[in-house]
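Structural features, examined
Single-letter residue listing:
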Amino acid sequence: MTKYDGKGESRKFDPNFKGPIHNRGCTDILCCILFILALLGYFTVGIIAWSQGDPRKVIYPTDSRGQFCGQAGTPLEKKPLLFYFNILKCASPLVLLEFQCPTTQLCVESCPNRHLTLIKAKVGNKDDQEYYKKYCKEDVDFTGLSPPQILKDGLCPAMLMPSKAFTRRCLPALATLKGGVVVVGNETTFDDGNSGTVNASDVLEASKKSNIAVEARQVAMRIFEDYTHSWHWILLGLVIAMVISLIFIVLLRFLAGIMVWIMIILVILVIGYGIFHCYMEFASLKGEPGADVTIRDLGLQTDFSVYLQIRQTWLAFMIILAIVEFIIILLLIFLRKRILIAIALIKEASRAVGHVMSSLFYPLLTFALLAVVIAYWAITAVFLSTSNEQVYKVFNTSNCSFSRQTCNPKTFNSSNASLACPDAECLFAFYGGETLYHKYLILFQFYNVFLFFWCANFVTALGQVTLSGAFASYYWAFKKPEDIPAYPIFASLGRALRYHTGSLAFGSLILSLVQVIRVLLEYLDHKLKGAQNKFAKFLLSCLKCCFWCLEKCIKFLNRNAYIMIAIYGKNFCTAARDAFFLLMRNIIRVAVLDKVTDFLLFLGKLLIVGIVGIFSFFFFSGRIKAVEQAAPSLNYYWVPILTVVVGSYLIAHGFFSVYAMCVDTLFLCFLEDLERNDGSQERPYFMSQDLLTLLKKSNEDYKSMD
């Protein structure tokens, strides 16, 4: 007998139903075709970007003519450093607007190491003249032209000052003496080559402005350097995380109940130790000079280790960990009775994973496919962003009607702009273009981002359907393991790709649209940060919150829809509707059982991340005396720590996602089992004896066997 309560019709008993249906047809064919066409378009965009782009623009600095400094196979191969003719002009506000100093920039072999003016070099010995010519434009008649003529044509700088290479740029060798006196090469003032003097403090300001455009690159280069020094230790940490995760999964297979309680206790202890360590660091900094400075007063610093020298940082960490500890303990107190049921479900999932051991290795395929998707997106994005042409503009220091207009550096000296503005220069400004390709470049970037989300969500959906199909085969086998089909993972993967590519593309498309909208909202929020319109900010915050909730709901609905697709072979909309109504008819069980198991599995991931994170912190920060010499010397020791922590979470998530998918699949099958069957000999339950006992139900078959 069936019932209808506004939440869909309950499942009827079907004597022929024994798990995932094999006789099925293709679903959502139109969406499958659309997905294939979108992929072809994606490949086309990639090919166009690769033909137009030049990633060397990200690596090498460019001179005033847009040439790459230090690029192999070019005349500038042995000139890897960028030299500014007049670093003082970098103090102009123009740098903040266009990230370009209004002065000639030249590729050189090495930075100047002494102070020398053009006039002194002209009247000096041959060595001084040869030394100075290194920092002039090519083919300059240094001996034949007078200093005023050289400066008028912008062939040489007016002076050289001691400099050091910093992010491949020659910046003044600044230092600070006692009392805060700024010096350059141990001098506070020096001749500027034009009968004047320059203060070292002025050079300091210019250096700061010239470095604004490369500040992010500076941090990135330091981080990259840290990775080159610590990559093998990072790899070892990730291997350890994988081993711990595998050991945990194996122990969970045989000792599910004990392992869950051990996991709960260890999570509480690990977070408790984190609180204790933060307090000890906080207490040890008491009375230390500068330790009471606030994070707000400190501002943004590229050397992030500075933040660990102030008490407020450790206080913030301690408060955050204490809140997390309190929430976990509170949840455990309120859910203590439901944890027993969740443990039984995890035990059943452990048996399923034990019978389908290949499921533990399937996340490796998902990781590999996601790595391909991410790599293709990143490479295409780099080529798209570097596929612009060199654009030159007129830069000047006085009023000029041609200011900021485009120009040609080859013909600039004979142009009207050069005659009207004697002090103007035609310098490389940025990369852009006026072609049809460049006009639609922003659309190509958007298409790249959208297809990245679509492909990534498709790969995730494929993994969910494959695993759910395999675990459903286990649940609906009445005699386990005799009735479990051979190679359930491969069979399920084959069914998903052959029949349901369109359905997976449909579900991932819906999720991708929401994610792209969230990206656009984040972009608008970034643009409106300086706006004064409070209503616009409030509206944007509401939209961000709504779409965040919508994304979570769609992910939950898609996950259960994929389980129904794996079992019944229906199209996405029908499967989503059936899954939704099945969950609504059992909303109490969903709230108190399925979510409790998710919480327990999350604690397992948290435990693995905590263990690996604590050991990596003590190792990379040099706190372990026994291996202090083995620890690499780093700019930011948090770089490998953060990498190991994030990588450990992804690895643990990969292993535990198998369990989570198994639990969700068994839970949905369990609900279907309760609706289809009643425990009689004609309609026996397929669930295990442990679940039957826990739910106070029984099969007459089991009774007759006792």
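None of these values were measured; they are calculated from a predicted model. (Residues numbered from 1 in each chain as written. Predicted model: local features only at pLDDT ≥ 70, side-chain atom pairs only at ≥ 80, totals over all residues. Heavy atoms only, no water.)

**Examining the overall build of the protein**
Note the cut-off: We count a stretch as a helix when DSSP gives it H or I for four or more residues in a row; a strand needs E for two or more, and each element gets its number in order from the N terminus. Contacts were defined at the residue level, with two residues in contact if any of their heavy atoms lie within 4.5 Å. Shrake-Rupley sampling with a 1.4 Å probe provides the accessible areas, and residues are treated as covered by the protein chains on show and by no other component.
Across its full length, the protein holds 24 helices and 12 strands. Expressed as a percentage of contacts within the protein between residues at least 6 apart in sequence, the contacts between residues at least 24 apart total 72%. On the protein, roughly 36500 Å² of surface is accessible, and the fraction owed to carbon and sulfur atoms is 64%.

**A short note on unusual backbone geometry**
For clarity, the cut-off: Buried residues are those whose accessible area, probed at 1.4 Å on protein chains only, stays under 20% of the maximum for their type, while exposed residues exceed 50% and partly exposed ones sit between those limits.
A positive phi is found at Asp 28, a non-glycine position, where the angle reads about 50°. Its location among the elements puts Asp 28 in the segment before helix H1 (29-52). Backbone geometry places Tyr 487, a non-glycine residue, at a positive phi of 50°. Locating Tyr 487 in the fold gives a position in the loop between helix H16 (441-475) and helix H17 (488-499). On the basis of relative accessible area, Tyr 487 is assigned to the exposed category, the value being 64%.

**Thoughts on the environment of Lys 133**
Tracing the backbone through its elements, the reader meets Lys 133 in helix H5 (residues 126-133). The partly exposed category is assigned to Lys 133, whose relative accessible area is 36%. Residues Lys 133 and Leu 155, spaced 22 residues apart in sequence, show a C-alpha to C-alpha distance of 9.8 Å. With residues up to four places along the chain from it excluded, the contact list for Lys 133 reads Val 140 and Phe 142.

**Some words on the environment of Gly 569**
Counting through the fold element by element, Gly 569 comes out in the loop between helix H19 (534-568) and helix H20 (572-585). Separated by 547 residues in the primary sequence, Gly 569 and His 22 have C-alpha atoms spaced 8.3 Å apart. In this structure, Gly 569 is in contact with Arg 24, Gly 25, Thr 27, His 500 and Met 564, ignoring residues within four places of it in sequence.

**So, the pairing of strand S1 (residues 81-84)**
Applied cut-off: Two strands qualify as a pair provided that DSSP identifies no fewer than 2 bridges between them.
Judged by which residues are buried, S1 turns out to be covered on both faces: Leu 81 and Phe 83 on one side and Leu 82 and Tyr 84 on the other are all buried. Of the pairings in the sheet, the one linking S1 to strand S2 (residues 105-108) comprises 4 bridges and is antiparallel in character. Paired with Tyr 84 across the strands is Gln 105, a residue of S2.

**Side note on the packing of aromatic side chains**
Pairs of aromatic rings are described using the distance from one ring centre to the other and the angle between the two planes. So the rule is basically this: Between 30 and 60 degrees the pair is tilted, below 30 it is stacked and above 60 it is edge-to-face, where a pair is any two Phe, Tyr or Trp rings, Trp via its six-membered ring, whose centres lie within 6.5 Å.
Evaluated as defined, the whole model comprises 23 aromatic pairs. Plain terms: the ring middles of Tyr 42 and Tyr 447 are 6.4 Å apart, the flat faces sit at 75° to each other, and that makes the pair edge-to-face. Within this pair, whereas Tyr 42 is found in helix H1, its partner Tyr 447 is found in helix H16, the two being separated by 405 residues in sequence. On the accessibility criterion, Tyr 42 (4% relative accessible area) is buried. Taking relative accessible area as the criterion, Tyr 447 reaches 25% and is therefore assigned partly exposed.

**With respect to the UniProt feature "transmembrane region" (unreviewed entry) in the protein**
Just so we agree on the cut-off: UniProt positions are given in the numbering used here, feature names are shortened, and annotations may be inferred rather than shown by experiment.
Feature annotation in UniProt assigns "transmembrane region" (unreviewed entry) to the following positions: residues 29-50, 231-251, 258-276, 314-335, 356-379, 451-478, 599-622 and 634-652. Secondary structure over residues 356-379 splits into 75% helix and 0% strand, and the C-alpha atoms at its two ends are 37 Å apart. What you have in residues 599-622 is 92% helix and 0% strand, and the ends, taken at the C-alpha atoms, are 34 Å apart.

**Digging into the state of the cysteines**
Applicable threshold: A pair of sulfur atoms, both from cysteines and within 2.5 Å, is called a disulfide here.
Evaluation of the coordinates by the stated rule reveals 3 disulfides. A sulfur-sulfur distance of 1.9 Å marks the disulfide that ties Cys 69 to Cys 107. For the disulfide bridge between Cys 69 and Cys 107, the dihedral angle about the S-S bond is near -70°, and by the sign convention the bridge is left-handed. Taken as a pair, Cys 69 in the loop between helix H2 (56-59) and S1 and Cys 107 in strand S2 lie far apart in primary sequence, 38 residues in all. Take Cys 107: its relative accessible area is 4%, and that puts it in the buried class. A sulfur-sulfur separation of 2.0 Å characterises the disulfide bridge that pairs Cys 136 with Cys 156. When the S-S torsion is 120°, as for the bridge of Cys 136 with Cys 156, the disulfide is right-handed. One end of the pair, Cys 136, is in the loop between H5 and helix H6 (147-152); the other, Cys 156, is in the loop between H6 and strand S4 (159-160), with 20 residues separating them in the sequence. Like Cys 136, the residue Cys 156 is buried in the burial classification. In this model Cys 26 remains outside any disulfide bridge; the closest cysteine sulfur is found in Cys 32, 7.7 Å from its own.

**Considering the confidence of the model for the protein**
Note the following rule: The predictor attaches a confidence to each residue, called pLDDT, with possible values from 0 through 100.
Confidence in the prediction for the protein averages 77 pLDDT; 79% of positions are at 70 or higher. The element-level mean pLDDT for the protein is lowest in helix H3 (residues 94-98), coming to 39, with H1 highest at 92. Low pLDDT, under 50, characterises residues 176-186; the predicted model gives this stretch 25 contacts beyond four residues in sequence or across chains.

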